[in-house]
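# Coordinates in review
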Amino acid sequence: MHFNLVFEGGGAKGAVFAGAMREFERQGHSYGRLLGTSAGAITATLLAAGYSANEMLVQINEKLPDGSPRFSTFMDVADTISDAEWENSVLFKLFKQIDWPLVPESVESRMDDFVIKQLTQMKIYRLLFTFMELGGFYAGNAFLAWLREKLDLNGRNLGQATLAEFYEHTGKDLNVVASNITDGGILVLNHRTTPNCPVAWAVRMSMSIPFIWQEVRWQQDWGTYHGRDITGHAIVDGGLNSNFPIRLLISRSPDVIAVMGPHDGTFALGLLIDETIPVANSGSGMADTGAGVAWEIKNLPIVRRVSNLVNTMTNAYDKTIIDAYKDGVCRLPAQGYETTDFDMSDARTAALVTAGEQALRDFFLTFKL
């Protein structure tokens, strides 16, 4: 059968999609339009670039020289804080208001420069600075480099492609969902709405979980969004508006047609990550306990609160559509897995992939078109 596919956001839990797609391919099905948010956008993009499920699994299991998962590099701390970032920050303005007692102004200025230099050399300070001033703990540069590398792999040469160039080269209708927090709107990024936006940057924006990864500022050379200038707007994870945007593939309303084009009559299959369904053979069901600053940061109470808040808002928006379209939604197990578990063990990754494979197999046993 032929389907349009939509993939939910879920960070590291998105590994479950590789298992589901392995079963999808085994049964001989094909796909047309591809749509996703965050981790779902990554999956949709790799599929649109011609990756098979097994090829995606190779990338999921990629290791660094020390044996740790390459995905663990996605939690990358900014190497530097630029002069412009520092001088335009609230922290800088507060810092300049400090008056050192009995210290001449000329000496105070040199003391300020010395203290600032020492602070910016501290990893924990750069984490806190980017969190407070740039919208997230992690820079996201490692992810962007990884995705460009994968889009160039094996002669694809799509790492620098715009959405228009990507569509022309692959023929695949790729759609990535992001959120514009400057004006509060949803962005559906594709070759119709943002032809000049680079694919890699579209996905980077879609996966920018607030307070986890730094927000992205829309660049002028990316052109307009659906004819509207959004230069300088702050763009983050699409999950703020719709983590499971299946409405975009099933609705025939004018607002959807405006960004997606006419409905093509193809059945939409939704792959939903369900944290209430247990994953067989996943061990204790607890997330891996990493070490160092990255682990401490992602377990800060504020990070968990923000994550829970985003999940609650997202679920409230999507739940009505999911309930109405339940026969077209395959629920993929992910209980005990966290969004930022990019350093999970091979055994837990394998269990998640296998669970996705089995879930789609079971879904098709009762599915009727």
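Preceding this section is the structure that the text describes.
I will try to describe carefully the structure that is included in this document. Bear in mind the structure is a predicted one, so any value in this text is a computation, not a measurement.

Attention now goes to the packing of helix H8 (residues 141-152) against helix H10 (residues 199-206). Where H8 meets H10, the closest approach of the two axes is 10 Å, and the angle between their N-to-C directions is 140°. Judged by the inter-axis angle, H8 sits oblique to H10. Of the two possible hands of crossing, H8 and H10 adopt the one that is right-handed. Here H8 contributes Phe143, Leu144, Leu147, Arg148 and Leu151 to the contact with H10, which in turn contributes Val199, Ala200, Trp201, Val203 and Arg204. A class-by-class count of the residues in the contact of H8 with H10 yields eight nonpolar, no polar and two charged.

This brings us to helix H2 (residues 39-48). Counting along an α-helix, one turn takes 3.6 residues, and residues three or four places apart therefore face a common direction. Of all 10 residues in H2, 10 are buried, a share of seventy percent or more. When H2 is considered as a whole, its buried residues turn out to be Ala39, Gly40, Ala41, Ile42, Thr43, Ala44, Thr45, Leu46, Leu47 and Ala48. Just downstream of H2 lies Gly50, where phi reads positive at about 100°.

Most of strand E10 (residues 329-333) sits out of view: four of its five residues are buried. Where strand E9 (residues 268-274) meets E10, five bridges bridge the pair, whose relative direction is parallel. Within E10, the position partnered with Ile273 by the bridge is Leu332.

It is worth spelling out the pattern of salt bridges at this point. Considering all chains together, one arrives at 17 salt bridges under this definition. Lys150 serves as the salt-bridge partner of Glu62, at 3.0 Å between the closest nitrogen and oxygen. One end of the pair, Glu62, is in the loop between helix H3 (53-60) and helix H4 (83-87); the other, Lys150, is in helix H8, and 88 residues separate them in sequence. With relative accessibility at 3%, the residue Lys150 sits in the buried group.

We now examine the side chain of Thr339. Relative to the helices and strands, Thr339 is located in the loop between E10 and helix H15 (346-366). For Thr339, the residues in contact, after removing those within four places along its chain, are Gly10, Gly11, Ala12, Lys13 and Ile209.

Right, let's talk about a nonpolar patch on the surface for a bit. There is a patch of nonpolar side chains on the surface, built from Met122, Ile124, Leu128 and Met132 and spanning about 350 Å² of accessible area. Along the chain, Met132 falls in helix H7 (residues 123-133).

Look at Ser38: it is not a glycine, yet its phi comes out positive at around 55°. Tracing the backbone shows Ser38 in the loop between strand E2 (30-37) and H2. Phi is positive for Asn157, close to 55°, though the residue is something other than glycine. Along the polypeptide, Asn157 turns up in the loop between H8 and helix H9 (163-170).

Moving on: the nonpolar core. Core analysis: the largest hydrophobic core is formed by 100 residues, its most contacted members being Met21, Leu189 and Leu271. The element that contributes the greatest number of residues to this core is H15, accounting for eight residues. Ignoring any residue separated from it by four or fewer positions in sequence, one finds Leu271 in contact with Val6, Phe7, Glu8, Phe17, Ala20, Met21, Phe244, Cys330, Leu332 and Leu360.

As a further point, take the packing of aromatic side chains. For the structure on display, the rule yields 22 aromatic pairs. Note on Phe3 and Phe364: the rings are 5.9 Å apart at their centroids and 45° apart in plane angle, and the pair reads as tilted. On the criterion of sequence distance, the pair formed by Phe3 in strand E1 (residues 2-7) and Phe364 in helix H15 is long-range, its members being 361 residues apart. Given a relative accessible area of 0%, Phe3 falls into the buried group. Assessed through its relative accessible area of 11%, Phe364 is described here as buried. Taken together, the ring pairs in this structure connect Phe3, Phe24, Tyr31, Phe267, Tyr325, Phe363, Phe364 and Phe367 into an aromatic cluster. Its guanidinium or amino end placed over the ring of Tyr51, Arg156 lies 3.9 Å from that ring's centre, counting from NZ or CZ. The cationic tip of Arg348 hangs over the ring face of Tyr337; the distance from NZ or CZ to the ring centre is 4.0 Å.

Of all seven residues in strand E4 (residues 174-180), seven are buried; the element is thus mostly enclosed. Residues Leu174, Val176, Ala178 and Asn180 point to one face of E4 and Asn175, Val177 and Ser179 to the other, with burial holding for every one of them. By the bridge criterion, four bridges tie E2 to E4 in an arrangement that is parallel. Bridging from a neighbouring strand, Gly36 pairs with Val176 of E4. Taken together, the five bridges between E4 and strand E5 (residues 185-189) define a ladder with antiparallel strand orientation.

To describe two helices that pack against each other, one gives the angle between their axes and the distance between the axes. Relative to each other, helix H1 (residues 16-26) and H15 sit at 45°, their axes nearing to 6 Å. Between H1 and H15, the crossing angle belongs to the class labelled oblique. Note that H1 runs across H15; the crossing there is right-handed. Residues Val16, Gly19, Ala20, Arg22, Glu23, Phe24 and Arg26 of H1 form the contact with H15, whose participating residues are Leu352, Val353, Gly356, Glu357, Leu360, Arg361 and Phe364. Here the contact of H1 with H15 is built from residues that sort into seven nonpolar, two polar and five charged.

About the thresholds
Residues numbered from 1 in each chain as written. Predicted model: local features only at pLDDT ≥ 70, side-chain atom pairs only at ≥ 80, totals over all residues. Heavy atoms only, no water. Axes fitted to C-alpha atoms, helices over the stretch in contact; angles between N-to-C directions. Helix = DSSP H or I, 4+ residues; strand = E, 2+ residues; numbered from the N terminus. Parallel < 35°, antiparallel > 145°, perpendicular 65-115°, else oblique. Left-handed = near helix turned anticlockwise from the far one by under 90°. Contact = heavy atoms within 4.5 Å. Nonpolar A, V, L, I, M, F, W, Y, C, P; charged D, E, K, R; others polar. Buried < 20%, exposed > 50% of the residue type's maximum accessible area, 1.4 Å probe, protein only. Pairing = 2+ DSSP bridges. Salt bridge = Lys/Arg side-chain N within 4 Å of Asp/Glu carboxyl O. Patch = residues over 30% accessible without salt bridge, like charges linked within 9 Å, V, L, I, M, F, W, Y side chains within 5 Å. Areas by Shrake-Rupley, 256 points an atom, 1.4 Å probe, with all protein chains shown as cover. Core = buried A, V, L, I, M, F, W, Y, C linked by side-chain atoms within 4.5 Å. Phe/Tyr/Trp six-rings, centres within 6.5 Å; stacked < 30°, edge-to-face > 60°. Lys NZ or Arg CZ within 6 Å of the ring centre and 35° of its normal.

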